[in-house]
Amino acid sequence: MTIHDITRPLGEETAPWPGDTPFARTWAGRIPRGDHSNVSALSFSPHLGTHIDAPFHVREEGATLDRMDLEPFLGLARVIDARPGPDGAIPPEALAGIDAGDPPRLLFRTGTHPDTARFPTDFAHLAPETAEAIVRGGARLVGMDTPSLDPYGSEELTSHKIIMDGGLYWIENLDLSRVSPGVYRLVALPLRIAGGDGGPVRAVLVTDYP
């Protein structure tokens, strides 16, 4: 069995979405200073690093993190090499020859967010027409290697809402730089945060699974 870690490291060097709470760590206990154990306290936005958005993130009536169905986050997934157009949007043509429902999890590798220490404002995003095609195709989950399904500065969050209203879940800020296009087994379970609008996830792709 081969495990591909597609999670970005999360730490003080991780650039947050502008205006969000950055990663910070304080220590309640440290062995070098005589404490019995190392104990830390963490503070950061739940949308920092590789994370899952709960539907509640974009709609007040949407499900919170602890009420989300887990099945979409486990199973076969297809990594797609997707190049954005001049406007930064991934066009529907990225799905040419692909059955969005088989497997029903699509992970878009755009290569437009290579440096986690610098927040990009020109990252690739899903065109609304592409989001609609994904929904029509029968997918259950969408993953991106960028901070958002929508362009930076979007207030409408159109693609988020199309994906959500279609009954799909989504993962943002994956690291797909070291995996090739193809089909893998995805494991990316959300934390069970009561009332959560989102949260970090440890996402992996598995090959040669028995």
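Here, the structure is the one placed above.
This report concerns the structure included in the present document. (Residues numbered from 1 in each chain as written. Predicted model: local features only at pLDDT ≥ 70, side-chain atom pairs only at ≥ 80, totals over all residues. Heavy atoms only, no water.)

Note that the residue after Asp-102, namely Pro-103, is joined by a cis bond; omega there is -5°. Mapped onto the elements of the fold, Pro-103 is located in the loop between strand 6 (89–90) and strand 7 (105–109). At Leu-157, a residue that is not glycine, the phi angle is positive and equals roughly 50°. Within the secondary structure layout, Leu-157 lies in the loop between strand 9 (141–144) and helix 2 (158–165). Since its relative accessible area comes to 23%, Leu-157 is described here as partly exposed. The backbone of Asn-173 shows a phi angle near 65°, a positive value even though the residue is not glycine. Within the secondary structure layout, Asn-173 lies in the loop between strand 10 (169–172) and strand 11 (182–187). (Helix = DSSP H or I, 4+ residues; strand = E, 2+ residues; numbered from the N terminus. Buried < 20%, exposed > 50% of the residue type's maximum accessible area, 1.4 Å probe, protein only.)

Turning our eyes to something else, we now look at the pattern of salt bridges. Summed over the entire model, instances satisfying the criterion amount to ten salt bridges. Asp-81 serves as the salt-bridge partner of Arg-109, at 2.8 Å between the closest nitrogen and oxygen. One end of the pair, Arg-109, is in strand 7; the other, Asp-81, is in strand 5 (residues 74–81), with 28 residues separating them in the sequence. When salt bridges with common partners are traced through the structure, they connect Asp-69, Glu-71, Arg-105 and Arg-140 into a single cluster. (Salt bridge = Lys/Arg side-chain N within 4 Å of Asp/Glu carboxyl O.)

Note that every value here comes from positions in space, so none of it alone points to a role or purpose.
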